[in-house]
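# Geometric and topological summary
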Amino acid sequence: DGGITQSPKYLFRKEGQNVTLSCEQNLNHDAMYWYRQDPGQGLRLIYYSQIVNDFQKGDIAEGYSVSREKKESFPLTVTSAQKNPTAFYLCASSTYNEQFFGPGTRLTVL
Amino acid sequence: QQQVKQSPQSLIVQKGGIPIINCAYENTAFDYFPWYQQFPGKGPALLIAIRPDVSEKKEGRFTISFNKSAKQFSLHIMDSQPGDSATYFCAASTNAGKSTFGDGTTLTVKP
């Protein structure tokens, strides 16, 4: 089945720790995105990549980092510099206009 | 500067009612206007989309109305059902692919 997978579904982190969220797609899409969603709020763009080995900051990139070494993979690292990391994180990929979303990772900082 | 404004923030209707969610955009370069549906704890999924060369698109019980001159578009859900209770996001994008999302509307359909 084609689609986007995110792991883990739930993630707990202690303050001061870095954590990496996985995103993999087998849709052969060039573009991939990371969004943050807080309760009752919309989708805020963290980073996006339109081609392998290239990525751009979105609206809220501070405290996050990404890499795009393979077309299929776009991992997101939440660093200790992110002051309020507890949120629902969504990965997406797209070809032309339509975006396909993964099931999300809920990160909780303890 | 928010480029896509969505309203209302929340909406409650009775089963069989016709909820309407509105969005307005500013950037005239946008040429693709999708609506996404998101259930709690899940990722959004594409529901229906329209391009600015048509004024209306219907898929099942879901209809998009598009007004290019007013830079507005809306989602209508006919004969709404409790299973339609979800958060709905409008979005706008160009061929570059990066989308701008509205803030979402939480719809509750009461039985």
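Right, let's talk about the interface of chain A and chain B for a bit. You'll often see interface size given as the accessible area lost when the parts meet. Tallying the contact residues gives 22 residues for chain A and 22 residues for chain B. Its largest share of buried area at the contact with chain B, chain A owes to Leu43, Asn97 and Phe101 of chain A, together 34% of the area lost on that side. Taken together, the connections running from chain A to chain B amount to zero salt bridges. Across the contact surface, chain A and chain B share three residue pairs in polar contact (both at pLDDT 80 or more). Those elements giving two or more residues to the side of chain A that touches chain B turn out to be strand S4 (31–37), strand S5 (43–51), strand S9 (87–95) and strand S10 (98–101) of chain A.

For the rest of this paragraph, the subject is the nonpolar core. The biggest cluster of nonpolar side chains holds 24 residues, and the ones touching the most others in it are Phe33, Trp35, Phe73, Leu75 and Tyr88 of chain B. Where this core is concerned, the elements lending two or more residues are strand S2 (10–14), strand S3 (20–25), strand S4 (33–38), strand S5 (45–50), strand S7 (62–67), strand S8 (72–77), strand S9 (86–93) and strand S11 (105–110) of chain B. The greatest single-element share of this core, amounting to four residues, is contributed by S9 of chain B. Counting 20 residues, the second largest nonpolar core, distinct from the first, contains Cys23, Tyr47, Ile60 and Val78 of chain A.

For the rest of this paragraph, the subject is the state of the cysteines. Residue and element names in this part refer to chain A. Counted under the stated rule, the structure contains two disulfides over all chains. With its sulfur 1.8 Å from that of its partner, cysteine 23 forms a disulfide with cysteine 91. On the sign convention where negative is left-handed, the bridge of cysteine 23 and cysteine 91, at about -75 degrees about the S-S bond, is left-handed. Taken together, the residues cysteine 23 in strand S3 (residues 19–25) and cysteine 91 in strand S9 connect sequence positions 68 residues apart. Relative accessible area serves as the criterion here: at 0%, cysteine 23 is assigned to the buried category. For cysteine 91, a relative accessible area of 0% puts it in the buried group.

Moving on, we get to unusual backbone geometry. Glycine aside, the phi torsion of most residues is negative, and most peptide linkages are trans. In this structure, proline 8 of chain A follows serine 7 of chain A across a cis peptide bond, with omega equal to -10 degrees. Assignment of secondary structure puts proline 8 of chain A in the loop between strand S1 (4–7) and strand S2 (10–13). Of note, the amide linkage connecting serine 7 of chain B to proline 8 of chain B takes the cis form, showing an omega dihedral of -5 degrees. Within the element layout of this structure, proline 8 of chain B appears in the loop between strand S1 (4–7) and S2. Of note in this structure, asparagine 53 of chain A is not a glycine but carries a positive phi near 65 degrees. Positionally, asparagine 53 of chain A belongs in the loop between S5 and strand S6 (54–57). A positive phi angle, close to 45 degrees, is found at aspartate 79 of chain B, a residue other than glycine. You can call aspartate 79 of chain B partly exposed: its relative accessible area is 43%.

Cut-offs applied
- Residues numbered from 1 in each chain as written.
- Chains lettered and ligands numbered in written order.
- Predicted model: local features only at pLDDT ≥ 70, side-chain atom pairs only at ≥ 80, totals over all residues.
- Heavy atoms only, no water.
- Contact = heavy atoms within 4.5 Å.
- Buried area = accessible area lost by both parts, 1.4 Å probe.
- Salt bridge = Lys/Arg side-chain N within 4 Å of Asp/Glu carboxyl O.
- Polar contact = N/O pair within 3.5 Å; in protein donor to acceptor, adjacent residues only side chain to side chain.
- Helix = DSSP H or I, 4+ residues; strand = E, 2+ residues; numbered from the N terminus.
- Core = buried A, V, L, I, M, F, W, Y, C linked by side-chain atoms within 4.5 Å.
- Buried < 20%, exposed > 50% of the residue type's maximum accessible area, 1.4 Å probe, protein only.
- Disulfide = S-S within 2.5 Å.

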